[in-house]
Amino acid sequence: MAWTASLAHTVRKGFRTERAFADPWAIARAVLAVAVGAAIGWMRDDLLATTMMSVGAFICGIGTLLAPLRHRAVNALVMAAAFTAATTLGVFLQPTGWYVLPVLAVVAFLAGLWRALGPAPGIRACLVVIGMLITADVSPGIGPGLEMVRWIGAGAALVVLVQLLPPYGNRHAAQRRKLAEVYASLAAYARTEEAAGAAATRPGAAATRSGGAVTRPGGATRPGAAARVSPAPFTAARNALGLLPSSARTAAAPLYGLLGEAERIRRALYAAPGTPHVPYRALAETLDALARTISTGKHHGPAERARTELATWQGPLAAVLRSRLTEAERLCALATAPRRDSASALAEEPLRDEEISALCTPEGLVRGGLRRLRAGLDPSMTGTPLLRHALRVGIGTTLGEAAGRAIGDFWGHGLPSHGFWAALTTMLVLFPDYEHTFARGWSRPVGSAVGGLLAWGLLQFSWSHGALALATVAFSAVTFVLLRTGQHVLNVVLTAWIVFLLHQMGTAQGLVAWGRPADTVLGAAIALAVFLVLPTWHHHRVGDLLARWLRTQQRLLPALLTGYADVGAADRAALEDMRDATRRAREELESAVAHLPHEPRGHRARWTADELARLTGAAFELTRCTALLTEHLPRRPDETVPELAEYAAPLRDHLGRLVQLARSPHGGPVLPPGALRDDFAALCARTGLAWLADPAEPDAVSRPRARALNASLRTVLALENLTAQLAPRPGEAVADGPADGPHRPHRTRHGRHARTVRHTAHATA
């Protein structure tokens, strides 16, 4: 995408209003905390108490609305303690003047790194740093500043106390929401598989499905529904369950069981393509009912027609899926039952899934955060987003504070020597990716300018202490409601609310209405400039991310094939860890690919959009194959296929060469087409792997060997397809001159067009 079109897209995205709202009860608790703080200040007739308690309750209230994964009281307590400590530090930094900037750079950098725990923890860390900025700028001295902190801490404590009020909701509500999203994603997968199958069989629609994509006449490839299935819901659910303390895991055992069953349902659905008369619609309705039951804690059953359709469905896959769905329904009933009934039922009939033991020993908050931090700071990854994001936040926030202090009064129209609003704008505009950063950079200043005009108009009237307290509560309530709708809407209310707070303190009321929008424009401009100087472009990360995913497959696939040698040869816990690493690597790859259509400088990308669609389709088909190999691992001696273990070494070597090919844009090891398939054919001829006769079976065919042969052959074909997509084509030319970075060859437009034509011809053939 060209720069003009890309910038126009970010403008449209920035001013798009979303219909997304937080939990109404969470909003009500946050508003109650602000209202109690304002009421206490009004009854004391203390403007400072009213203002600072409102600030503490407001910012900590925002922290409770940002998708908490732990108990709401724990989340509020941590946020309140961190914010109060940060404001205390800011008071002691206030006398240092400009020497606050090195401290600000360090803490802002750490706040950027905190995003390794997720977007919501990253934003909470920024709010904590903002607390330090506020007191470091507006505190009149250490003594009065500590008085401000005392009231801020009281407001933060109110947020903690209101979390103890009813309604209490379901146990492990955040974990339930994430699990419900898992089952909803499976239902969506079933629906899109049904739609893709209907499109392929429609009269006159000569289309074939391959690798999760639909190939149309003439070679045009449309990514199919399967290619768009993301591992993100499974990763999010596992992370959410991993945050539960050890004492809560016994009570949450049905939730772990539901995650294990979801994994097995997904593997069974992966085996469905090619199976005749799969009732995808009935499966989708059943999975949707399970999702609603998990989320609400109340039983929701599918329609009777769906139950009848599933009950009359015949075949091996039908029996597998029915048993999985029955077990999931049993676990849903246990998850919604009282704790004692659930414990007694689990004692009588424990969880049957072998993978539950691996799922019930999650890595926890600290280990998980460190793992994500190490992955984000991996020096082998080109343009590591986490490190660059943290550097941008540290540098940009410091520049915003310095510029705000230096300019300050905006020629008599702002507050002199106060730069915290420009700094906090820079911090909140900067996101790890180009699209969100620029969208927020356009919308936040516009919203702030409109809010400044609104505040200026309201300040033309006379406001008593009581009226100002009511206005503070009203503005806070509207801000909480509009928190997720968009920056342009949110900042209209937020800017006006800040002006009212400063009006209560009696300092430069007229100047604030113009100074805050000017600071917002300054901070947003600094944020966009810092991003352009230290950017994160995803188009040159795709090769490294693909290589990382292939390395995880290089460990997983040989381990799976070796597991067929004997019962128990595969370590289920180790396999689950490897599958989890593979899932996370594919999630990063798909996330980077999703950012590509709207990034500028697309002409520097290694692959075109069509090529990436084929690559991700081939990657998903290989994911299906690993799921099938995992599902059919032997559980009885008569299900072993020891011949497959001999193919582990050739497969590992081939995947190693694919890793080199993915990381080498200028060429890599030569991989002749069909070599892997020839090796597999030689193995079958040498070991008798394809000999399926078994006189003991009713139809004289060994079903375990047939399943293993089918899954392994599909794996070989998927790898051949992936190799064909990665291997350089004959005559592929790279423009002369140095590449833009270590893994970014600069192609001419003519060369890219020629490559697209070759791929189209290849797909047609």
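Residues numbered from 1 in each chain as written. Predicted model: local features only at pLDDT ≥ 70, side-chain atom pairs only at ≥ 80, totals over all residues. Heavy atoms only, no water.

1. Brief notes about helix 24 (residues 572-595)
- Over its 24 residues, helix 24 extends 35 Å from the first C-alpha to the last, a length consistent with the 34 Å expected when each residue adds 1.5 Å.
- The N-cap of helix 24, judged by a side-chain oxygen 3.2 Å from the amide nitrogen of Ala573 a few residues on, is Asp571. (Helix = DSSP H or I, 4+ residues; strand = E, 2+ residues; numbered from the N terminus. Expected span 1.5 Å × (residues − 1). Polar contact = N/O pair within 3.5 Å; in protein donor to acceptor, adjacent residues only side chain to side chain.)

2. A few points about the pattern of salt bridges
- For the structure on display, the rule yields 29 salt bridges.
- The salt bridge partner of Asp577 is Arg238, with a shortest N-O separation of 4.0 Å. Residue Asp577 is found in helix 24, and its partner Arg238 is found in helix 9 (residues 232-242); the two are separated by 339 residues along the sequence.
- For Glu631, the salt bridge goes to Arg267, with nearest N and O atoms at 3.1 Å. One end of the pair, Glu631, is in helix 25 (residues 609-631); the other, Arg267, is in helix 10 (residues 253-270), with 364 residues separating them in the sequence. Exposure class is identical for Glu631 and Arg267. Each is buried.
- Here the salt bridges share partners, and the residues they tie into one network are Arg238, Glu263, Arg266, Glu576, Asp577, Arg579, Asp580, Arg583 and Arg584. (Salt bridge = Lys/Arg side-chain N within 4 Å of Asp/Glu carboxyl O. Buried < 20%, exposed > 50% of the residue type's maximum accessible area, 1.4 Å probe, protein only.)

3. Considering the side chain of His172
- Note on placement: His172 falls in the loop between helix 7 (142-162) and helix 8 (173-201).
- On the accessibility criterion, His172 (19% relative accessible area) is buried.
- Among all residues touching His172, those that are not within four sequence positions of it are Leu244, Ala248, Ala251, Ala252 and Leu255. (Contact = heavy atoms within 4.5 Å.)

4. Topic: a nonpolar patch on the surface
- A contiguous nonpolar patch, built from Leu377, Leu387, Leu391, Ile395 and Leu399 and spanning about 370 Å² of accessible area, is present on the exposed surface.
- Relative to the helices and strands, Leu377 is located in the loop between helix 16 (364-376) and helix 17 (385-407).
- Given a relative accessible area of 31%, Leu377 falls into the partly exposed group. (Patch = residues over 30% accessible without salt bridge, like charges linked within 9 Å, V, L, I, M, F, W, Y side chains within 5 Å. Areas by Shrake-Rupley, 256 points an atom, 1.4 Å probe, with all protein chains shown as cover.)

5. As for the nonpolar core
- The biggest cluster of nonpolar side chains holds 82 residues, and the ones touching the most others in it are Phe58, Ile59 and Phe480.
- With 11 residues, helix 6 (residues 119-138) is the largest single contributor of residues to this core.
- With residues up to four places along the chain from it excluded, the contact list for Ile59 reads Met79, Phe83, Leu127 and Ile134.
- The next biggest cluster of nonpolar side chains, apart from the first, holds 54 residues, and it includes Leu628, Leu658, Leu676 and Ala708. (Core = buried A, V, L, I, M, F, W, Y, C linked by side-chain atoms within 4.5 Å.)

6. With respect to the packing of helix 3 (residues 47-65) against helix 7
- Running from amino to carboxyl end, helix 3 crosses helix 7 at an angle of 45 degrees, the nearest separation of the two axes being 7 Å. In this view, helix 3 runs oblique relative to helix 7, as classed from their interaxial angle. Both helix 3 and helix 7 take part in a crossing whose hand is right-handed. Along the contact surface, helix 3 presents Leu48, Ala49, Met52, Met53, Gly56, Ala57, Cys60, Gly61 and Thr64, while helix 7 presents Glu147, Met148, Trp151, Ile152, Ala154, Gly155, Ala156, Leu158 and Val159.
- For the contact of helix 3 with helix 7, the class distribution of residues is 13 nonpolar, 4 polar and 1 charged. (Axes fitted to C-alpha atoms, helices over the stretch in contact; angles between N-to-C directions. Parallel < 35°, antiparallel > 145°, perpendicular 65-115°, else oblique. Left-handed = near helix turned anticlockwise from the far one by under 90°. Nonpolar A, V, L, I, M, F, W, Y, C, P; charged D, E, K, R; others polar.)

7. Some thoughts on the packing of helix 17 against helix 18 (residues 420-429)
- It is at 7 Å that the axes of helix 17 and helix 18 come closest, and there the two elements cross at 160 degrees. As far as their axial angle goes, helix 18 and helix 17 are roughly antiparallel. Our pair here, helix 17 against helix 18, has a crossing hand that is right-handed. Residue-level inspection shows Val393, Gly396, Thr397, Gly400 and Glu401 of helix 17 in contact with helix 18, the latter providing Phe420, Ala422, Ala423, Thr426 and Met427.
- Broken down by class, the residue content of the contact of helix 17 with helix 18 amounts to 5 nonpolar, 4 polar and 1 charged.

8. Describing unusual backbone geometry
- For the bond from Pro166 to Pro167, the omega torsion is 0 degrees, close enough to zero to count as cis.
- Along the chain, Pro167 turns up in the loop between helix 7 and helix 8.
- One non-glycine residue with positive phi stands out, namely His172, at about 55 degrees.

9. Describing the packing of aromatic side chains
- Counted according to the given criterion, the structure contains 14 aromatic pairs.
- With 6.0 Å between their ring centres and 65 degrees between their planes, Phe438 and Trp442 make a pair best called edge-to-face. With Phe438 and Trp442 both in helix 19 (residues 434-458), this residue pair falls 4 residues apart, about one helical turn.
- Look at Tyr647 and Phe680: their rings are 5.3 Å apart centre to centre, the planes differ by 75 degrees, and that puts the pair in the edge-to-face class. Of the two residues, Tyr647 sits in the loop between helix 25 and helix 26 (648-663) while Phe680 sits in helix 27 (residues 675-687), which places them 33 residues apart along the sequence. The same class applies to Tyr647 and to Phe680, which are both buried.
- Taken together, the ring pairs in this structure connect Trp3, Tyr434, Phe438, Trp442, Phe531 and Trp537 into an aromatic cluster.
- Across from the ring centre of Trp151, 4.8 Å away, lies the NZ or CZ of Arg150, which sits over that ring. (Phe/Tyr/Trp six-rings, centres within 6.5 Å; stacked < 30°, edge-to-face > 60°. Lys NZ or Arg CZ within 6 Å of the ring centre and 35° of its normal.)

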